[in-house]
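Structural characterization, general
Okay, here's what each chain looks like letter by letter:
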Amino acid sequence: MDGARVFNAAVALGTSVAELTRGCDSVMFCLSKGLGAPSGSMLLGPVEFIERARVYRKMFGGGMRQVGVLAAAGLVALQESPQILHRDHENAKHLAEGLAEIPGITIDPRNVATNIVIFDVAKTGQPAAEICRFLVERGVLASPTEKFFIRMVTHCDVTREGIERALTTMASLVRSLN
Ligand SMILES: *Cc1c(COP(=O)(O)O)cnc(C)c1O
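Residues numbered from 1 in each chain as written. Predicted model: local features only at pLDDT ≥ 70, side-chain atom pairs only at ≥ 80, totals over all residues. Heavy atoms only, no water.

Things to note about the overall build of the chain
On a plain count of helices and strands, the chain comes out with seven helices and five strands. For the chain, with 178 residues in total, the buried portion stands at 33%. If you take every contact in the chain between residues at least 6 apart in sequence, the share linking residues at least 24 apart comes to 52%. Per element, the accessible surface of the chain, about 10,800 Å² overall, is 56% carbon and sulfur. Here the chain carries 19 positive and 18 negative side-chain charges, and the mean point of each set is 5 Å from the other. (Helix = DSSP H or I, 4+ residues; strand = E, 2+ residues; numbered from the N terminus. Buried < 20%, exposed > 50% of the residue type's maximum accessible area, 1.4 Å probe, protein only. Contact = heavy atoms within 4.5 Å. Areas by Shrake-Rupley, 256 points an atom, 1.4 Å probe, with all protein chains shown as cover. Lys, Arg positive; Asp, Glu negative; His and termini not counted. Charge placed at Lys NZ, Arg CZ, Asp CG, Glu CD.)

A short note on the environment of Leu35
Summarising the element assignment, Leu35 is placed in the loop between β1 (27–30) and β2 (41–44). On the accessibility criterion, Leu35 (3% relative accessible area) is buried. Not counting chain neighbours up to four residues away, the residues in contact with Leu35 comprise Phe7, Phe29, Cys30, Ala77, Leu78, Ser81, Pro82 and Leu85.

Overview of the packing of helix α1 (residues 6–13) against helix α5 (residues 85–100)
Where α1 meets α5, the closest approach of the two axes is 10 Å, and the angle between their N-to-C directions is 75°. What the angle tells us is that α1 and α5 run roughly perpendicular. Here Phe7, Asn8, Val11 and Ala12 of α1 come into contact with α5, specifically with Leu85, His86 and His89. (Axes fitted to C-alpha atoms, helices over the stretch in contact; angles between N-to-C directions. Parallel < 35°, antiparallel > 145°, perpendicular 65-115°, else oblique.)

Comments concerning the pattern of salt bridges
Throughout the structure, instances matching the rule amount to four salt bridges. A salt bridge links Glu19 to Arg22; the nearest nitrogen and oxygen atoms lie 2.9 Å apart. Close ionic contact of Glu130 with Arg133 constitutes a salt bridge, the shortest N to O distance being 2.4 Å. Residue Glu130 and its partner Arg133 are both found in helix α6 (residues 128–137); the two are separated by three residues, about one turn of the helix. (Salt bridge = Lys/Arg side-chain N within 4 Å of Asp/Glu carboxyl O.)

What to know about the packing of aromatic side chains
Following the criterion strictly, the structure yields one aromatic pair and no others. One Lys or Arg, Arg138, reaches over the ring of Phe134 and ends 3.5 Å from the middle of that ring. (Phe/Tyr/Trp six-rings, centres within 6.5 Å; stacked < 30°, edge-to-face > 60°. Lys NZ or Arg CZ within 6 Å of the ring centre and 35° of its normal.)

Quick look at the site of the ligand
In the region of the ligand, the neighbouring residues are Asp2, Ala4, Arg5, Met28, Cys30, Lys33 and Ser41. At a separation of 2.7 Å, a nitrogen atom of the ligand approaches a polar side-chain atom of Asp2. For the ligand, an oxygen atom lies 2.6 Å from a polar atom in the side chain of Lys33. Protein burial of the ligand: of its 380 Å² of free accessible surface, 47% is covered by the chains. (Near = heavy atom within 4 Å. Polar contact = N/O pair within 3.5 Å; in protein donor to acceptor, adjacent residues only side chain to side chain.)

The following block contains the structure:
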């Protein structure tokens, strides 16, 4: 299983990662992304598979030395993040609900299940890239995913106040376009 975000999926589905990965031969997941470590991913599977993966990792230049400090951060991410991931999902839902109220932005908050919020800005008349440039200048990071679609992601460093600031910034931008 490519389970990069499997911990977010488990929280959103109200189940455990163990349950979701039952029946998989091997699982990969990210310690960064939702879990919040600075970098790192885990690969889980039978011993022979992991031994083969180590060889491939080396062939691809994926080996690193002195990564204990990164592993320590990964351990913290694994031990402490799963039980607080629901906050990111609640923040994403709140963000989606606020965005839905801004004229020119189209999003159905019911479709937001995890920490990723994708919305349509076509009715503002501005391309997503333009809007993102404006937002970044005001400290709100967002990525254009298509000409008129923007993606925002909540994570452990995004507070509820940050969400409010993103909404205020977006609302004032859209107002200034009219
Ligand atoms: C991020 C991601 C990966 C890659 O993980 P890395 O740790 O960045 O190598 C693989 N699959 C999916 C679906 C991802 O989101």
